[in-house]
Every structure is written in structure tokens, then in C-alpha cells.
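Structural features, examined
Now for the letters of each chain:
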Amino acid sequence: SATLAFADGDILNLSGINADTTTEGFISPQNTSCAGATAEGQLCWDSDTDALYMGNGTTTTLVGGSGGGDITSVTAGTGLAGGGASGDVTLNISAADSSLTVNADDIAVNQAFGFTFTGNNAFTPSGTNDLTVNLDIDSTLSVAQAFTGTATLNGTTITSTNSSSSGTQNLFYLDNAASTGVTESLLVIDNSDTDTAVTNAIEFVNAGGGFTNLFNVAGTLISQTEFTLLDGRDTALVDTTDAVTTAIVGTGALDSGSITSNFGAINIGADNFTTTGSVLGNAIDRSTAGSLTVGATTATSITLGSGSVTALTVTTDGTGDAEVSLPTGSIGTSEILDNTVSATDLSATLAFADGDILNLSGINADTTTEGFISPQNTSCAGATA
């Protein structure tokens, strides 16, 4: 009969068949898909996947083999939507606040979504790909770091491993793109903690090769040696090069150091030049025509020359009287006194040579106190020369 029906107590015993050839034994019903063989206890061999299925009254259950075909039951877990117990099923990412959107080749995160990282995470672009964050006109990028305890930590670290042999590499680059607005500052450092001062706003740490220059200001290089000249300074700074070529202005009192031969001219205008030492040089003169005054304020004596001086020359234009004028009584009693030359002022013997002249013709001898009085004695017996 096309259909064999057995009753309770019947048995279909095939144990006598040893199934040692392909022409004996039992061959179950088979198909390329067993999806329709869902009757309770119904056997079906899936010839496409080489799997044995048995119906359970609703669907088929894999009994043996690797199986295949459609997944018959998928349950959507946390954060997923979809799934099903029969046929083709689909799973979708489902965020309660629509913060995630899955597309064909990317995952879009809603801008109001907050990430929570529970461990160490690394973003590593492949090859030479860039990691770019694009913000709209009113969005900001913020990194908040909270420190607690006593651990030594760096909040944000950017590490560069430079193995290049040419070109220019910059680890952190701030660029103000062309636009119509005015950017007040590319970098602002602020301490909003009203009761605690930040120890260092910027700290340079040399853990290896040092820095050739600390700053490059539009091509002007400032080295560590130059910059540390500021250390301990609390007054105006003067560049020694500029001080020579452009003059020192508004520096206050210069209290130490020295001025060398390469300094150049010093012009202090109408101010006084004061020193308790010596003023050494090869000449002293006025900057304009006029009287040159020496020792007219507080000097009580003036010394000209020394024991090494071999000549003292006073030069005038020779056009008038009293071009060299000495106060009355300014010469000691052992020297020339005013207009009088006494015997003690002259050598004990005056000897004239051929060509000399003692000319007294300018004296008119109209009094007894002028002219020439010859040597005299009560007897001239001894004057026989």
C-alpha cells in the first residue's frame, strides 16, 4: 500500500539487515530542504546539507549532521531588535535614545551621546589614514580630567615617535584658517581655581636631547640660554647690542658692571656725571664754544701734573692782557709775588750771553720806586771787575 499504518504493539524490526551494501537497509525520506517535514516524529534527510531532521509538530529539529538552511530561532539580546523563530530573520542595533545609527559601512553616533570607557582603549587608524573630528559652528571639544589621591599622573599625553629622515614634523599644530572673523588667541591657559595657584603654567622638561631653541617667533630664535636671562630679574631689561646702537632709555640706575672701549659715545645731556674715582682719558674739552670750568663747585685745591710731568704748556691766542690770570697772593713768598721780582725770586747770579739784552727803556724813572738802582756800598774799593 502507498501508506503503511502500524498500530500499538506492532514493530518494524530491521535488525536482521547488516547494511553492508547500498542496496539493503533503510533509506529515510529526503529532500533538498526539510522545512516542510514538520509532523511529529517525521524524519527527513536534507540532501543539500547532509543532515537528518525530525519534525516536532511545529518545525523541524536537527538530529544529526552539520545542518544548514535558515536559522529557525534567533532572540534579540540587549541593545538589539528583531530576530524570530522561523524563516529569514534580521537583527538591528536598537538604542533607546536613538543615539546609534548603523549604516552599510559605518556607525553614526548621535552628538548628544556620551561614551563611557570601562578600560584602556586605543584608536589606531590603519596605514596613513587620518583621525578627524569635525565640529559644527556652535560645538566644542572638551576633555575633563579629575585627579584624586596622591598618584602622579598626566591628564592628556600626546606621544610622537619620529623615525623620519627629512621633512618637517610638528607634534601639536594650531592653525587659524582663513575667514572673516578675528581670533583673539590660539592658545589660552586659565586657572579657574580661586584658592590654589598652578605651580607652572608651562613647564619644559628635558629628559633626553634637550631643545635647540625654546621659541621660534616668526623666524627669530630664542634659546634656553637667552630665555633664562629673565630668571631673577625684576627691573627693565636692556639688550646690550641695542643699548650701544639705539641708546639706553628708561632703565633706572645702573648699579653694577663696566663700560668697555667698544661702548661708544655716552651722552647724558645736561645731567651731571658723578664719580668718586678718576676720570681717565687723553683730552677734556667743551662740546660747544665757551668757558671750561674745572673745580669751581666743591674743590678746595687743584693739582696739575705730577713728578713725571716734563712740561706744562698754557696756550692762548695771545691777543690781550691777563690771558693767564692768577689771584692776588696766590703764589708763595718764595716765588714771584704779583708784579714784584725780588732778589730771592732770582738766581744768586744772572749771567747773560751774547745777543741777550736787559732793556729797561720802558721805565721813565719819575719816582724813586722804579727804574734801576745799581749796587752800592760805603766803599767801592772791592768792585774792581
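Now for a description of the structure that goes with this document. (Residues numbered from 1 in each chain as written. Predicted model: local features only at pLDDT ≥ 70, side-chain atom pairs only at ≥ 80, totals over all residues. Heavy atoms only, no water.)

1. As for the sheet that holds strand 2 (residues 43–46)
Spatially, four strands are ordered 1-2-3-4 in an open sheet, and the strand pairing comes out mixed. Each having just a single partner strand, strand 1 (30–31) and strand 4 (60–65) make up the two edges of the open sheet. The sheet contact formed by strand 2 and strand 3 (residues 51–55) spans four bridges and is antiparallel. Among the inter-strand pairings, C44 is bridged to a residue of strand 3, identified as Y53. (Pairing = 2+ DSSP bridges. Helix = DSSP H or I, 4+ residues; strand = E, 2+ residues; numbered from the N terminus.)

2. Things to note about the sheet that holds strand 7 (residues 91–93)
Within the open sheet, the three strands sit side by side as 5-6-7. Their pairing is antiparallel. In this open sheet, the two edge strands, each paired with only one partner strand, are strand 5 (74–75) and strand 7. Pairing of strand 5 with strand 6 (residues 80–84), which is carried by two bridges, proceeds in the antiparallel orientation. Paired with V74 across the strands is G84, a residue of strand 6.

3. A word on the environment of D356
Among the structural elements, D356 can be located in the segment after helix 2 (240–246). By relative accessible area, which is 45% here, D356 ends up partly exposed. Within the local environment of D356, its side chain forms a polar contact with the backbone nitrogen of A353, the two atoms lying 2.6 Å apart. (Buried < 20%, exposed > 50% of the residue type's maximum accessible area, 1.4 Å probe, protein only. Polar contact = N/O pair within 3.5 Å; in protein donor to acceptor, adjacent residues only side chain to side chain.)

4. Quick look at the packing of aromatic side chains
The final tally for this structure, using the stated rule, is three aromatic pairs. With centroids separated by 6.0 Å and ring planes inclined at 85°, the aromatic side chains of F204 and F215 adopt a geometry described as edge-to-face. In this pair, F204 is assigned in the loop between strand 9 (107–109) and strand 10 (215–217) and F215 in strand 10, connecting sequence segments 11 residues apart. Its relative accessible area of 41% is what places F204 among the partly exposed residues. One aromatic cluster is present, formed by F204, F211, F215 and F227 through successive ring pairs. (Phe/Tyr/Trp six-rings, centres within 6.5 Å; stacked < 30°, edge-to-face > 60°.)

5. Things to note about unusual backbone geometry
Most peptide bonds adopt trans geometry, and most residues besides glycine take a negative phi value. The phi torsion at A19 lies on the positive side, around 50°, for a residue other than glycine. Note that A19 resides in the segment before strand 1. The backbone of A365 shows a phi angle near 55°, a positive value even though the residue is not glycine.

6. What to know about the side chain of D46
As for its position among the elements, D46 is in strand 2. Take D46: its relative accessible area is 6%, and that puts it in the buried class. Only 2.9 Å separates the side chain of D46 from the backbone nitrogen of D48, close enough to count as a polar contact. If sequence neighbours within four positions are ignored, D46 has contacts with N31, T32, S33, C34, A51 and Y53. (Contact = heavy atoms within 4.5 Å.)

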